[in-house]
Amino acid sequence: MTELSWAQVSARRLARHRLAAPAADATTGPDVAPGAGRLADVVSAMCGAHAQIASAAELSIGLRVPGATRELVRRALWSDRTLVKTRGPRGTVHLLAAADLPMWIGALSAFPAPPGERSVALLTPRQTDQVLAAIADAVAETDLTSVELTEEIVARTGPWAGDLVMEAFQDRWPRWMAAMAAATRGGVICFGPNRGRASTYTSPARWLPEFTPMPGPAALAALVRGYLHAYGPATPAQFARWMAVQPRWATGLFDSADLTEVAVEGSRAWVNADDTEFTDDRPSGLRLLPYFDAYTVGCHPRERLFPGAAAERALNGGQAGNYPVLLVDGVVAGVWHQRRSGRSIHITVEPLQTLSAARQRALGEEVERIGDILEGRASLTIGTVSVGPHA
């Protein structure tokens, strides 16, 4: 069995997440201006960018593509349509590469329904089928806000679909929304461009004319392969946590894949069978990663990524992503926070270790880069971050 060090694993993950060096363009070199395809390649490599907070997704992607800005990310999403906004890992909102959507929908459709999914309690199987058909019909020709979509669904099914019975954020949503997870998982619906402050929903089949879900077994195999390419070596339990599925089911999925077992400083894990090469490069560099960045959420084991004081300071009840983090040499070494006022972006960084002069220069450059991505003027303060998680 191949024996690997944590340093080897960390260095490879950094490189594959485009956090160790600028993402290179395969055909025209690293100095060319970033385009929609280049952004999509990076999003594909990281298996999606968490997008519950839009600015965090824009920053996650922008930090990985030299010269990218939030406007370029928005253009890739809403104009070029090389990215798509929908629900991905754990049922949370992500930006995915549009070219990967057939794989994602094929895999998600083949996953067991999450235990306790609210549609079971609020909708009968027949009602769920009616709602899914009504959604597909309603968004086939136009993008709709949630209010408009509710009206269309009620008109196609009956008043019961609009009953305000679904508990949500100290509010109540209409009954039909209990089927939203199934609708996105099945590729019936995805997000369309915002209309003012209101989100809209659209049809993936209309938004991406060549969209056809991949068959389940092939899609599941491709998803495991992509996950291990970005986050491996990994275990079935870690994959299960990433996707919010049962560990036993994930173990069966790993058993059916073409994998090779390795040992990372004594702990068993798996990689793709044709992807067993690791260099002796050391993890290096300094990065400021935003809320729910794919690297901090998906990489395990937690105690390696969040060593010592970092676990107490940067994890929230063991959950990664609730704090933006300072990453030094591939591990979490602090937290940070930004406050925006117009074009001014005030960034406070709280390191958990003393930064050398070289590290402080690198931090200043990273802050300047964040300003460029978010199209503002960023300033740096090194001090205590006083806000709580997800603030």
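See above for the structure.
Report follows, based on the coordinates. (Residues numbered from 1 in each chain as written. Predicted model: local features only at pLDDT ≥ 70, side-chain atom pairs only at ≥ 80, totals over all residues. Heavy atoms only, no water.)

### Notes on the overall build of the protein
So, step 1. Scanning the protein for helices and strands turns up 17 helices and 16 strands.
So, step 2. Relative to the 2.2 N^0.38 estimate, which gives 21 Å for 391 residues, the radius of gyration of the protein is 21 Å and therefore close to what a compact globule would have.
So, step 3. Seen through its principal axes, the protein has C-alpha atoms that stretch 65 × 55 × 45 Å.
So, step 4. Per-residue burial over the protein gives 52% buried out of 391 residues. (Helix = DSSP H or I, 4+ residues; strand = E, 2+ residues; numbered from the N terminus. Rg over C-alpha atoms; globule rule 2.2 N^0.38 Å. Buried < 20%, exposed > 50% of the residue type's maximum accessible area, 1.4 Å probe, protein only.)

### Concerning the pattern of salt bridges
So, step 1. A full pass over the atoms with the stated rule returns 16 salt bridges.
So, step 2. Arg313 is the partner of Glu350 in a salt bridge, and the nearest nitrogen-oxygen pair spans 2.9 Å. Remark: Arg313 occurs in helix H16 (residues 309–314) and Glu350 occurs in strand S15 (residues 344–351); sequence separation between them is 37 residues. As far as the burial class goes, Glu350 and Arg313 line up, both buried.
So, step 3. Each of the salt bridges in this network shares a partner with another, and the network as a whole consists of Arg12, Arg16 and Asp275. (Salt bridge = Lys/Arg side-chain N within 4 Å of Asp/Glu carboxyl O.)

### Concerning helix H8 (residues 146–157)
So, step 1. With twelve residues, H8 should cover 16 Å at 1.5 Å per step; its first-to-last C-alpha distance of 16 Å lies within 8% of that length.
So, step 2. Along H8, the residues that are buried comprise Leu149, Thr150, Ile153 and Thr157. End-on view of H8: buried residues confined to an arc of 105°, all on one side of the axis. For H8, exposure combined with an orientation more than 90 degrees from the buried face picks out Val147, Glu151 and Ala155.
So, step 3. Buried-residue contacts for H8 involve helix H7 (125–138), strand S5 (144–145), strand S7 (171–174) and strand S9 (198–202).
So, step 4. Gly158 sits one or two positions beyond H8 and adopts a positive phi of about 150°. (Expected span 1.5 Å × (residues − 1). Arc of directions from axis to C-beta. Contact = heavy atoms within 4.5 Å.)

### Comments concerning the pairing of strand S13 (residues 325–328)
Looking along a regular strand, one sees the side chains alternate between the two faces of the sheet.
So, step 1. Neither face of S13 is open: one carries Val325 and Leu327, the other Leu326 and Val328, and all of them are buried.
So, step 2. Two strands pair when backbone bridges link them, and strand S12 (residues 286–289) and S13 are joined in this way by four bridges, in the antiparallel orientation. When the bridges of S13 are listed, Leu286 appears paired with Val328.
So, step 3. Across four bridges, the pairing between S13 and strand S14 (residues 331–341) is antiparallel. Among the inter-strand pairings, Val328 is bridged to a residue of S14, identified as Val331.
So, step 4. Counting the residues that bridge the hairpin from S13 to S14 gives two residues, and of these Asp329 lies at a positive phi of roughly 55°. (Pairing = 2+ DSSP bridges.)

Coordinates in, geometry out; function isn't part of it.
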